[in-house]
Amino acid sequence: MTAYVMTQELSCLDGEAAVDVVVTPAEFKPGTWMLSDRLRRPLGTITEVSPSLFTIQADGNSRLAGMEAANFVSLGSVMSAIAKHMKGECQLSSGNL
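Predicted model, so just to flag it, every value in this text is computed and none were measured.

In terms of regular secondary structure, the chain is built from two helices and six strands. When the helices and strands of the chain are placed in sequence order, the string is α-β-β-β-β-β-α-β. When contacts within the chain are restricted to residue pairs at least 6 apart in sequence, those whose partners lie at least 24 apart make up 28%. Accessible surface for the chain amounts to roughly 6,300 Å². Of this, 58% is attributable to carbon and sulfur atoms.

Structure (structure tokens):
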């Protein structure tokens with residue numbers, strides 16, 4: 001129990017808890033990936049505008065909202081930036097590894 005409480009405190013030191021993000025290819029829209037947290041709540045999408053241009057579209061009041069102005073050169077670079085911004089992990093869904 002003590003370890004759990006300490007982890008909770010560490011993850012919230014700056015006021016925002018870490019959020020892991022799952023990236024899933026959109027079933028009917030090639031070049032688009034759906035973003036959700038581990039509880040499957042939608043966070044937004046990643047869109048491949050061209051082979052070296054990826055953008056983020058955040059859903060509603062998602063914590064990703066501050067990232068919409070950025071452009072990325074690859075899916076890997078946008079996923080790394082999301083992980084850093086959300087202070088958690090950003091991974092392809094297990095069915096897409």
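Back to the write-up after that little detour.
So, about the environment of Gly 44. Locating Gly 44 in the fold gives a position in strand 3 (residues 42–50). Sequence spacing of Gly 44 and Asp 59 is 15 residues, and the spatial spacing of their C-alpha atoms is 4.5 Å. Residue contacts for Gly 44: discarding those within four places in its chain leaves Trp 33, Met 34, Leu 35, Gln 57, Ala 58 and Asp 59.

This paragraph deals with the packing of aromatic side chains. Enumeration over the complete set of coordinates arrives at one aromatic pair. Look at Trp 33 and Phe 54: their rings are 6.0 Å apart centre to centre, the planes differ by 40°, and that puts the pair in the tilted class. Of this pair, Trp 33 sits in strand 2 (residues 32–37) while Phe 54 is found in strand 4 (residues 53–58), placing the two residues 21 residues apart along the sequence. With respect to class, Trp 33 is no different from Phe 54; both count as buried.

Cut-offs and rules
- Residues numbered from 1 in each chain as written.
- Predicted model: local features only at pLDDT ≥ 70, side-chain atom pairs only at ≥ 80, totals over all residues.
- Heavy atoms only, no water.
- Helix = DSSP H or I, 4+ residues; strand = E, 2+ residues; numbered from the N terminus.
- Contact = heavy atoms within 4.5 Å.
- Areas by Shrake-Rupley, 256 points an atom, 1.4 Å probe, with all protein chains shown as cover.
- Phe/Tyr/Trp six-rings, centres within 6.5 Å; stacked < 30°, edge-to-face > 60°.
- Buried < 20%, exposed > 50% of the residue type's maximum accessible area, 1.4 Å probe, protein only.

These figures capture arrangement, not role.
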